[in-house]
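Observations on the three-dimensional arrangement
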Amino acid sequence: MSVPFLDLRALNARYVDELKAAAARVIDSGWYVLGAELDAFEREFAGYCGTEHAIGVGNGMDALTLILRGYRELGRLRDGDEVIVPGNTFIASFLAISENRLLPVPVEPDPVSFNLDPASVERAIGPRTRAIMAVHLYGQLADMAALRTLARQHGLLLIEDAAQAHGARRHGRHAGSFGDAAGFSFFPGKNLGALGDGGAVTTDDAALAAQIRMLRNYGSDIKYRHLVQGVNSRLDEMQAALLRVKLNYLDADIALRRDVARRYRAGIVHPQLQLPQVADDAAHAWHLFVVRCARRDALQRHLLASGIHCLVHYPQPPHRQPAYAALSGLSLPLCEQLHREVLSLPIGPTLDADAVEQVIAACLEFEAVAA
């Protein structure tokens, strides 16, 4: 039996009738952009995250880009200001910074959680530092309490890249409610995934929310009046309606993901595989289940030959990409080692018990192959 990395067809089939009804509702309404469905989703998602505002935008990178652009419009950021960001993130975190003519300052991650390390952040703070971007990698919250303390001590903005962390929580609070603002992605494979692209910003900052609402819609506060030079980045009515359906199932889906993660962590006992370590298993949203292996490429070949579809998140850090050649001289040895060793195993709410056992068995068999 082949085990897919994530079966989106099966995932959405569980509530296909509700999705079709939502789609029909939008079609019948005759209103497809900036309408009632988006208004309702923004209220519901803000309520879920525990924030005053949610603003639907075109995708996850736009969410981060517009947060930074909003703070530029409010005078909190200027050309050349520095934003501290984990070196082992997806390149979108860097691109959102660069798009605003700001400078990404990548730092080493925490060696246990792979998340942004407060000690590394503190060492990187300099006279041009204006913000910290904490990426909740793989669905586990960064150490937001320590990062918040640093941000307050140094007068910095604290931004959450929550693209992988829908539903992650700590001390009764959800991802998206810890920083000054947070960016979410609704790419189809996310824990809360649309049937296309989409994103959102959450914040308690009313001035920032107002700026982003203008920026996403050509810089317009009312039709045909443009106060700033904005963009076109709007979560459309169809995706908002579909996301409203799926938001109702998010916590139940994360519970299923946690069950898969618990079984993996109990069953994969292997000297060459390092499993994820978590501060609180009940708080992790388990968007990805990422193992480390010094012989990662051999492990991936073995699993693929065994019918287990697995992916690398991510093969190369942003500062080693041609797009960021100016950062190629940086030495981030732990970050670079992680990118050589990480491998994501299948995980999702539709992964059944037999498939989980097949993944576990294939991982355990790797020892014989490597011997």
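Structural notes, computed from the coordinates.

Calculation criteria
- Residues numbered from 1 in each chain as written.
- Predicted model: local features only at pLDDT ≥ 70, side-chain atom pairs only at ≥ 80, totals over all residues.
- Heavy atoms only, no water.
- Buried < 20%, exposed > 50% of the residue type's maximum accessible area, 1.4 Å probe, protein only.
- Helix = DSSP H or I, 4+ residues; strand = E, 2+ residues; numbered from the N terminus.
- Contact = heavy atoms within 4.5 Å.
- Polar contact = N/O pair within 3.5 Å; in protein donor to acceptor, adjacent residues only side chain to side chain.
- Pairing = 2+ DSSP bridges.
- Axes fitted to C-alpha atoms, helices over the stretch in contact; angles between N-to-C directions.
- Phe/Tyr/Trp six-rings, centres within 6.5 Å; stacked < 30°, edge-to-face > 60°.
- Lys NZ or Arg CZ within 6 Å of the ring centre and 35° of its normal.
- Right-handed = clockwise from strand over helix to strand, strands pointing away.
- Expected span 1.5 Å × (residues − 1).
- Left-handed = near helix turned anticlockwise from the far one by under 90°.
- Nonpolar A, V, L, I, M, F, W, Y, C, P; charged D, E, K, R; others polar.
- Salt bridge = Lys/Arg side-chain N within 4 Å of Asp/Glu carboxyl O.

1. Regarding helix H8 (residues 206-215)
Burial in H8 covers these residues: Leu-208, Ala-209, Gln-211, Ile-212, Met-214 and Leu-215. As for H8, its buried residues are in contact with strand S1 (53-57), helix H4 (60-73), strand S8 (181-185), strand S9 (199-203) and strand S10 (220-222). In this structure Asp-205 caps H8, since a side-chain oxygen of it lies 3.1 Å from the backbone nitrogen of Ala-207.

2. A closer look at the sheet that holds strand S4 (residues 129-135)
If you trace the 7 strands from one edge of the open sheet to the other, you get S1-S9-S8-S5-S4-S2-S3, paired in mixed fashion. The sheet is open, and its two borders are formed by S1 and strand S3 (103-107), each paired with just one other strand. Within this sheet the neighbouring strands show an average axis-to-axis angle of 25°, counted without direction. In this structure, strand S5 (residues 157-161) lies alongside S8, joined through 3 bridges in parallel fashion. Along S8, the bridge assignment pairs Glu-160 with Ala-182. Against the sheet, helix H7 (residues 144-154) touches S4 and S5, its axis set at about 150° to S5.

3. Some thoughts on the packing of aromatic side chains
Counted according to the given criterion, the structure contains 10 aromatic pairs. Their ring planes at 25° and their centres at 5.3 Å tell us that Trp-286 and Phe-289 sit as a pair that is stacked. Accessibility expressed as a relative area gives 0% for Trp-286, which makes it buried. What links up through ring pairs into an aromatic cluster is the set Phe-41, Phe-45, Phe-184 and Phe-186. Lying over the aromatic face of Phe-178, Arg-173 brings its terminal NZ or CZ to 4.5 Å of the ring centre.

4. A closer look at the pairing of S3
Of all 5 residues in S3, 4 are buried, a share of seventy percent or more. The sheet contact formed by strand S2 (residues 82-86) and S3 spans 5 bridges and is parallel. Note that in S3 the partner of Pro-86 across the bridge is Val-107. A crossover links S2 with its parallel partner S3, the connecting element being helix H5 (residues 91-99), and its sense is right-handed.

5. Some words on the side chain of Arg-296
In this fold, Arg-296 is placed in helix H11 (residues 296-305). The exposure class of Arg-296 is buried, given its relative accessible area of 8%. Within the structure, Arg-296 has its side chain in polar contact with the side chain of Asp-297 (distance 2.8 Å). With near-sequence residues (within four places) excluded, Arg-296 lies in contact with Val-312, His-339, Arg-340, Glu-341, Val-342 and Leu-343.

6. Comments concerning H4
With 14 residues, H4 should cover 20 Å at 1.5 Å per step; its first-to-last C-alpha distance of 20 Å lies within 8% of that length. Taken across its 14 residues, H4 has 11 buried, putting it largely inside the fold. All buried positions along H4 are accounted for by Gly-60, Ala-63, Leu-64, Thr-65, Leu-66, Ile-67, Leu-68, Arg-69, Gly-70, Tyr-71 and Arg-72. Gly-75 sits one or two residues past H4 and shows a positive phi near 85°.

7. Observations regarding the packing of H4 against H5
Helix-helix packing is characterised by the crossing angle of the two axes and by the distance between the axes. Direction vectors running N to C along H4 and H5 enclose 35°, while the axes themselves pass 8 Å from each other. Crossing of H4 against H5: the hand is right-handed. Each of Met-61, Leu-64, Thr-65 and Leu-68 in H4 lies in contact with H5, whose residues at this interface are Ala-92, Ser-93, Leu-95, Ala-96, Ile-97 and Glu-99. In the contact of H4 with H5, the residues fall into 7 nonpolar, 2 polar and 1 charged.

8. A look at the pattern of salt bridges
Scanning the model with the defined rule gives 18 salt bridges in all. The partner of Asp-79 in a salt bridge is Arg-72, with the nearest N and O atoms 2.6 Å apart. By relative accessible area, Arg-72 is classed as buried at 19%. When the shortest N-O distance is used, the salt bridge between Arg-296 and Asp-297 registers 2.8 Å. With relative accessibility at 43%, the residue Asp-297 sits in the partly exposed group. Through salt bridges that share partners, Arg-25, Glu-37, Glu-44 and Arg-244 make up one connected network.

Any functional reading would require information that these geometric values do not contain.
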